[in-house]
Structure formats: structure tokens, C-alpha cells
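# A look at the structure
Here is how the chains run, residue by residue.
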Amino acid sequence: MPHAVRMPKPGQMTEECTLTLWLRAEGDPVAKGDVLFEIETDKSTMEVESFHDGVVLRRLVAEGQTVPVNAVCAWIGEPGEAVPEPEVAASAPAVEAPPPPASAPAPPSGTAKPVAASPDAAGRRPAASPRARARAVAAGLDVAAIEGSGPGHRIVERDVVAAIAASAVAGRRDAPDPEAAEADARPLSRVRRVIAERLTLSATTIPAFSVTVAADVTRLLALRDELRDDGTSLSVTDFVLAATAQTLAEFPDVNSRTDGRSVWLRRRVHLGLAVALPSGLVVAVIRDADRLGLVEIHDRAAALVAAARAGSLAVDDMTGSTFTVSNLGMFGVDAFRAIINPGESGILAVGSAAPTAVAVGDGIAVRTIMKLTLSADHRLIDGELGARFVNAVRRRLEDPGGLRRELASS
């Protein structure tokens, strides 16, 4: 009996992958564990292995082709075995929207009218994924007027997201932009498309608020310099990661997630670190960060950043984060508000540490101040809880004694 080789699902939010390279031809023998082909996900590449012994009976996906997760890419079995016909999409092909009347201008590509979804002449609804249909209904868009990019022109969530954005742009545009023709349009890269989809999802579905505090890190920087002289090199980010991980263990509600109806309290702290790359932003995950000492966090973070910049970050190192830290302080940013990574309840944005004149007792002194901004999901975190959490992070950063004890235990 032949065995199907399906496109894996590397991440929770991944809906499709691109097959970039075949390593076995039709008729080639394979053993369990042999690599069959390579795929490209939204942020990395990975190898797909065979789970069966036999020969490659048929390859169904060409190199460079993008297919949904769980789609059959090949069949493996005994030589000469017959294979099933290629799978057909469960939904009917998307129905094309009727053309607009001749007297009316055609709507911009990718846009839709804010009306209910309309069936075709036979009474069938256009083929769309459940998530895409729900997003369209919530936005008041006609699914039938959206062009699908999925298999068989099936409408998927990214098509609805693009239609929402295009409709907003079309609504604001009163006249053609004379400068628009000065540069040729170029498509977004796969990574940037995924970033756009996820952040649009976050901005449109998560009711977020932000809280900012100013931390006096004068003594922390003195401790860092002292440790550096003794041969232990740590960055400000290392201290922030350690302080955040310990605070998340203290505030389990901030380490939770919700779908709007239920809440899941996570028992482990998997801390995400935002890493900027030329191709886009990735979040590397430090697992069980609250159980690591400062040096262990430094070593783990350095290894993850190096792997991300080399393009060799494993899928497991980019998924499953429970909270994220984003530090732009090294770029001279005073403060900023970051967008929450979907699936998490908050993100901590770290600004630069800058000398600042502050009131100390009855006088004025120059201290090094660093601003921390918590963006939080208001469905899980109220203002009071958010304020207590970010102030607890600040207290840890302002207490070199506690940081030194943390270093000694690592």
C-alpha cells in the first residue's frame, strides 16, 4: 500500500510552505529517515524526511511550488504500485464575482464591497477557508468579490487581509498620486508578507494598551562594567531578559494566552527575543528562561542570534514563545510601543539608556535612565496588573544586589 508524504506544518500560524529542492527522483529507493526534499517556511528552511521504506512512486509538487500544509507532495511504496489520483480541494473552486456595470468604474484589485457574501447562480458560496470567511464577515466584506490565492483559487485569510488593506487605501485616495509612477512596484518578500499578516492580525484582533516606566540603570551599568573587567561580558539585553523571565514567573497571568473565550495559564516561561535581520524580523525563543542564570541566558541568546543571522535558526527555536522582549535601545530610540505577537499576552519594548537629570532628594543628579514600555492584551491584563508587572521588572533592573546574586547562582 503506497504511503503519502505530506507537507508538514512547521508553526502554529503557518498555512503553506514552498518546496525548494527535491533530493530524490521518481523511482529512487528511500529508507525511513532519508531526506526527501527541502522546504522554505516563512522564516527558515528545513528538510523533510521519509517515514517509510520503499521507492518514490510519484512526485506531485514541483520545485518552487507553494502548497498548503498537509497537502500530498509525493507517494512512497513498492516498485510498480499504483498511486491514487491527485487530491482535489474539498471546497468547490472560488466563484468569480460578476463584472460591474459598464457605467460604474471597476473596483481596485483585491478590494471588496462591504456587503454580505453572495452566492453564485447555482446558490453555492465561494470557496473560502473558515478563518478567511470569519475575517471577511467581521470586516463587512463580500467574500465573492475577493480573489483567492489558495489551491483552486480558494480564498484564504491572507487574501481577506489584503482586501481589507486595499479597501482602506482606496477609501482614502481622492486623486491619483503624481509621484506613484516614479518607482516600479516590487512584491513583498515571503517573510515580509508573513510579518504583515501577523501584525495586521494582532492590530485588528487584540485590544492592546501600553504602560511606560523609567528605570534607573546607573548601578546596573556599573555592575556590567565591573563584570566585564573580571572577564564576564554581559549586555543590557541579557539583564532585561533575566529580569523579565523572573517577573513572568511571578505574574503567571501575564504569561498566559487567550482566544477571546478561554484563558490558558502557561506553566513554563519561553521568552521570545526579537532579532532584526535584513529580510525581516524573527523572534528567537529562549525556553524555560526563568530557570536560567544570567550567563546561561547570555549564552543561549547569543547562540540564537548568531543562528538567526546565519539563516540556520531551527523552526523549534522560532515557535512557542509566551512573551517577547524587543530592544531598540542600541539604535538611540528613547521609547516605543511594540505590537504584540499573536498568541502572547504582551511584549516589552526597551529604549536606550541615556544620562538624564533627575530629582534625587532635595537636589538634581545625572542618572542613566532607560524606558520600558509594556504593550498588553487588555482581554487578559488590566492597567493595574500591567503597571505592577512592568514596575516589578524595573525593580529587578534597579537592584544590582539581586542581579549579582542571580549571576552567582548561574
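Taken together, four strands build an open sheet; the order of strands is β1-β8-β6-β3 and the sheet is antiparallel. Of all strands in the sheet, those bounded by a partner on one side alone are β1 (3-6) and β3 (29-30). The pairing of strand β6 (residues 54-59) with strand β8 (residues 72-77) spans four bridges and is antiparallel. Note that in β8 the partner of V55 across the bridge is G77.

Right, let's talk about the pairing of strand β4 (residues 35-40) for a bit. By the bridge criterion, four bridges tie strand β2 (residues 16-22) to β4 in an arrangement that is antiparallel. Counterpart to L21 in the pairing with β4 is E38. Judged from the five bridges that link them, β4 and strand β5 (residues 45-49) form a sheet pairing that is antiparallel. Paired with E38 across the strands is E47, a residue of β5.

In this section: the confidence of the model for the protein chain. When the pLDDT values of the protein chain are averaged, the result is 83; 82% of them are 70 or greater. Residue range residues 88-118 is modelled with pLDDT below 50. Its contacts to residues more than four positions away, or to other chains, number 45 contacts.

Here we take up the sheet that holds β4. The four strands lie next to each other as β5-β4-β2-β7, forming an open sheet whose pairing is antiparallel. Across the chains shown, the open sheet's two edge strands, defined by having one partner strand only, are β5 and β7 (66-68). Here the strands of the sheet are splayed against their neighbours by 40 degrees on average, with no regard to which way each runs.

Here the focus is the packing of aromatic side chains. Within the structure shown, the criterion is met by three aromatic pairs. Among the aromatic residues, those joined into a ring-pair cluster are F251, F323 and F389. Across the ring face of W264, the terminal group of R257 is positioned such that the distance to the ring centre comes to 4.2 Å.

Each value, and the rule that gives it
Residues numbered from 1 in each chain as written. Predicted model: local features only at pLDDT ≥ 70, side-chain atom pairs only at ≥ 80, totals over all residues. Heavy atoms only, no water. Pairing = 2+ DSSP bridges. Helix = DSSP H or I, 4+ residues; strand = E, 2+ residues; numbered from the N terminus. pLDDT = per-residue confidence, 0-100. Contact = heavy atoms within 4.5 Å. Axes fitted to C-alpha atoms, helices over the stretch in contact; angles between N-to-C directions. Phe/Tyr/Trp six-rings, centres within 6.5 Å; stacked < 30°, edge-to-face > 60°. Lys NZ or Arg CZ within 6 Å of the ring centre and 35° of its normal.

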